Amino acid sequence: MVNLVIVESPAKATTIKGYLGSSYRVIASKGHVRDLPKSSLGIDIENNFSAHYINIRGKGDLIKELRSEAKKADKIFLATDPDREGEAISWHLATALGIDVAKAKRITFNEITKPAVKEAIKKPRAINMDLVNSQQARRILDRIVGYKLSPFLWKNVKSGLSAGRVQSVATKIIVDRENEIRAFKAREYWTVDAALETAKGKGLTVRYHGQAGKKEKNELSCEAEAFAVKKSVEGKDFLCTDVKKGTRMKHPAPPFTTSTLQQEASRKLNFQSQRTMRVAQELYEGINLGSDGGVQGLITYMRTDSLRISSEAQSAAKEYISAKYGEEYAPESFRVYKSKANAQDAHEAIRPSSMKHEPAKVKKHLSNDQYKLYKLIWD
């Protein structure tokens, strides 16, 4: 029996090929194989926004190869990325290869590890047309906004500029905010601080808030008012009339989503978003660890806005903490972080795919960027 597995990237194909036996052939589609034509709008707005797709120029030989392999295969598994873009690529592949969409075998995995891939092969599903249509809606909006608005920019701003579904709205928000800033009426205000010392010699700084016994803040609007306050307290004792004590709990930060990973990588590693996602993609698709485990995907899928962690990963983390640091450091119950109301919860948060691969142990197999980002995710 010959089984064909189609993935998106060559790197992922190499990793998965090592997990499956000789009866499996793994080929990469190298992204999309069909798209809207560049020479025209490609959307019939009057006919329910129906899209006209064509094979992408330069992908002809690859499509021929995929069709040839598909004819030889007894089973075809579409294993593109586990998001709406990947779902759409699977749908386009099924159409381009002449596979009945209703009978297509779609498999997904949140992490590229041998157990995850083997389990996915056992449980293929149908192509999720809701996800496909979600991607199509985004692509069609991109095209309509871009093709309708870009000529306006060429005429009024500069030739060659392109407008997008996201950039155009973001620009509008920035312009509105700038207009608010320019419309702001500046006003003068003053503060009065006193540098004090306690009976025990401890220094502290206090700020004038208002008259004793009055809750509302007394704002100082000119130099004369500020110096009047200063003069009223000079040479006098400062008394502490009330002390409030409390205990504050500091909780660990939740696991990474795509946006929080990009933010932390920018803050701590000085990585731009594009660099972060490129390195994360490499860590997800697989790193050759040599004698330490062969080709392994080191992190879960890096495009997610969920804070969910699988129970298996939680248990593995608890066992790791108990063994490395001691039972007293392992939590009695697992922390559960609440995702935003509109979060797509199909994938877990970004986490290491296995607790076996400590950053220090796999460092020799990683590039400098890969190690830095992996350690950030691990920590």
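Our subject is the structure listed above.
A brief structural summary. (Residues numbered from 1 in each chain as written. Predicted model: local features only at pLDDT ≥ 70, side-chain atom pairs only at ≥ 80, totals over all residues. Heavy atoms only, no water.)

**Remarks on the overall build of the chain**
Rule in force here: Going along the chain from the N terminus, every DSSP run of H or I of four or more residues is numbered as a helix, and every run of E of two or more is numbered as a strand. Each residue is assigned to one of three classes by its accessible area relative to the maximum for its type, calculated with a 1.4 Å probe on protein chains only: buried under 20%, partly exposed between the two thresholds, exposed over 50%. Only heavy atoms enter the contact rule, under which two residues are in contact if any of them lie within 4.5 Å. Surface exposure here means Shrake-Rupley accessible area, sampled with a 1.4 Å probe, where a residue is shielded only by the protein chains that are shown. We count Lys and Arg on the positive side and Asp and Glu on the negative side, and we leave His and both chain ends out. Lysine's charge is taken at NZ, arginine's at CZ, aspartate's at CG and glutamate's at CD.
Per the secondary structure count, the chain includes 12 helices and 12 strands. Counting all 379 residues of the chain, 37% fall into the buried class. Contacts in the chain between residues at least 24 apart in sequence constitute 63% of all its contacts with a sequence separation of at least 6. For the chain, the accessible area works out to roughly 24,700 Å², and carbon and sulfur atoms hold 52% of it. Side-chain charges of the chain comprise 65 positive and 45 negative groups, with the mean position of each set lying 3 Å from the other.

**Describing a nonpolar patch on the surface**
The cut-off we apply is this: A patch consists of residues whose relative accessible area exceeds 30% and which take part in no salt bridge; residues with like charges are grouped when within 9 Å of each other, and nonpolar side chains (Val, Leu, Ile, Met, Phe, Trp, Tyr) when within 5 Å. Salt-bridge detection follows one rule: a side-chain nitrogen of Lys or Arg within 4 Å of a carboxyl oxygen of Asp or Glu.
A contiguous nonpolar patch, built from Trp-154, Val-157 and Leu-161 and spanning about 300 Å² of accessible area, is present on the exposed surface. Its location among the elements puts Val-157 in the loop between helix H5 (129-156) and helix H6 (165-183).

**Re the packing of helix H8 (residues 258-269) against helix H12 (residues 368-378)**
Working note: a packed helix pair is described by the angle between its axes plus the distance between those axes. We count it as follows: Lines fitted to the C-alpha atoms define the axes, with helices restricted to the stretch that makes contact. Angles between their N-to-C directions range from 0 to 180 degrees. For classification purposes, angles smaller than 35 degrees are called roughly parallel, those larger than 145 roughly antiparallel, those between 65 and 115 roughly perpendicular, and all remaining angles oblique. Helix crossings get a hand from a simple test, with the near helix turned counterclockwise from the far one by less than a right angle marking a left-handed crossing and a clockwise turn marking a right-handed one. We call Asp, Glu, Lys and Arg charged. Ala, Val, Leu, Ile, Met, Phe, Trp, Tyr, Cys and Pro are nonpolar, and the rest, Gly among them, are polar.
Put simply, H8 and H12 touch, their axes get as near as 11 Å, and they point 120° apart. Taken together, the axis directions place H8 and H12 in an arrangement best described as oblique. Regarding H8 and H12, the two cross each other, and that crossing is right-handed. Contacts between H8 and H12 pair Leu-261, Glu-264, Ala-265, Lys-268 and Leu-269 from the former with Lys-372, Leu-373, Leu-376 and Ile-377 from the latter. Across the contact of H8 with H12, the residue classes tally to six nonpolar, no polar and three charged.

**Observations regarding the sheet that holds strand S1 (residues 3-7)**
Here is the rule: Between any two strands, at least two bridges found by DSSP are needed for them to pair.
Taken together, four strands build an open sheet; the order of strands is S2-S1-S7-S8 and the sheet is parallel. The open sheet has two edge strands with one neighbour each: strand S2 (24-28) and strand S8 (105-106). Sheet analysis places S1 next to S2, joined by five bridges and oriented parallel. Directly across from Leu-4, in S2, lies its bridge partner Arg-25. In the packing of helix H2 (residues 60-72) onto the sheet, contacts are made with S1, S2 and strand S7 (75-78), and the angle to S2 comes to roughly 165°.

**Focus: helix H10 (residues 311-325)**
Under the convention used in this document: In this scheme, a helix's expected span is set at 1.5 Å multiplied by one less than its residue total.
Its 15 residues give H10 an end-to-end C-alpha distance of 21 Å, which sits within 8% of 21 Å, the value for a rise of 1.5 Å per residue. Listed in full, the buried residues belonging to H10 are Ala-313, Gln-314, Tyr-320 and Ser-322. On its buried side, H10 packs onto H12. Looking at the residues trailing H10, positive phi occurs at Gly-326, about 115°.

**Notes on unusual backbone geometry**
For Asn-48, which is not glycine, the phi dihedral falls at a positive 55°. Considering the arrangement of structural elements, one finds Asn-48 in the loop between strand S4 (43-44) and strand S5 (50-51). Take Asn-48: its relative accessible area is 69%, and that puts it in the exposed class. Phi angles above zero are rare outside glycine, and Phe-49 is one such case at about 55°. Along the chain, Phe-49 turns up in the loop between S4 and S5. For Phe-49, a relative accessible area of 42% translates into the label partly exposed.

**Here's the deal with the packing of helix H3 (residues 84-96) against H5**
Where H3 contacts H5, the two axes come as close as 8 Å, and the packing angle between them is 100°. In terms of axis orientation, H3 runs roughly perpendicular to H5. Where H3 approaches H5, its residues Arg-84, Glu-85, Glu-87, Ala-88 and Trp-91 are matched on the opposing element by Met-129, Leu-131, Val-132, Ser-134, Gln-135, Gln-136 and Arg-138. Looking at the contact of H3 with H5 residue by residue, the class counts come to five nonpolar, three polar and four charged.

**Some details on the pairing of S7**
Rules: By the criterion used throughout, a crossover qualifies as right-handed when its path from the first strand across the helix to the second strand runs clockwise, the strands pointing away from the viewer.
Bridge count between S1 and S7: four bridges; the pairing is parallel. When the sheet's bridge partners are listed, Ile-6 is paired in S7 with Leu-78. As defined by bridge partners, S7 adjoins S8 across two bridges and the pair is classed as parallel. If you follow Phe-77 over to S8, its bridge partner there is Lys-105. Remark: the S7/H3/S8 crossover connection has right-handed handedness.

**Points about the nonpolar core**
Note the threshold: Take the buried Ala, Val, Leu, Ile, Met, Phe, Trp, Tyr and Cys residues and link them wherever side-chain atoms come within 4.5 Å; each set so joined is a nonpolar core.
Membership of the largest hydrophobic core comes to 43 residues, with the highest contact counts inside it found for Phe-109, Leu-283, Ile-299 and Leu-373. If you list the elements that add at least two residues to this core, you get S1, helix H1 (10-17), S2, helix H4 (114-122), H8, helix H9 (273-285) and H12. Among the elements that line this core, the one with the most residues is H12, at six residues. In this view, Leu-373 contacts Leu-261, Ala-265, Leu-269, Thr-276, Val-279, Ala-280 and Leu-283; residues no more than four positions away in its chain are not counted. With 26 residues, the next largest nonpolar core counts Ile-63, Leu-97, Ala-104 and Ile-127 among its residues.

**Quick look at the side chain of Glu-285**
Note the threshold: Polar contacts here mean pairs of N or O atoms no more than 3.5 Å apart (in protein, one a potential hydrogen donor and the other a potential acceptor; neighbouring residues in sequence count only if both atoms are side-chain atoms).
Position of Glu-285 among the secondary structure elements: in helix H9. A distance of 2.7 Å separates a polar atom in the side chain of Glu-285 from a polar atom in the side chain of Gln-281. Among residues more than four places away in sequence, those in contact with Glu-285 are Ser-9, Ala-11, Lys-12, Thr-15 and Ile-112.

The values are spatial; any link to function lies outside them.
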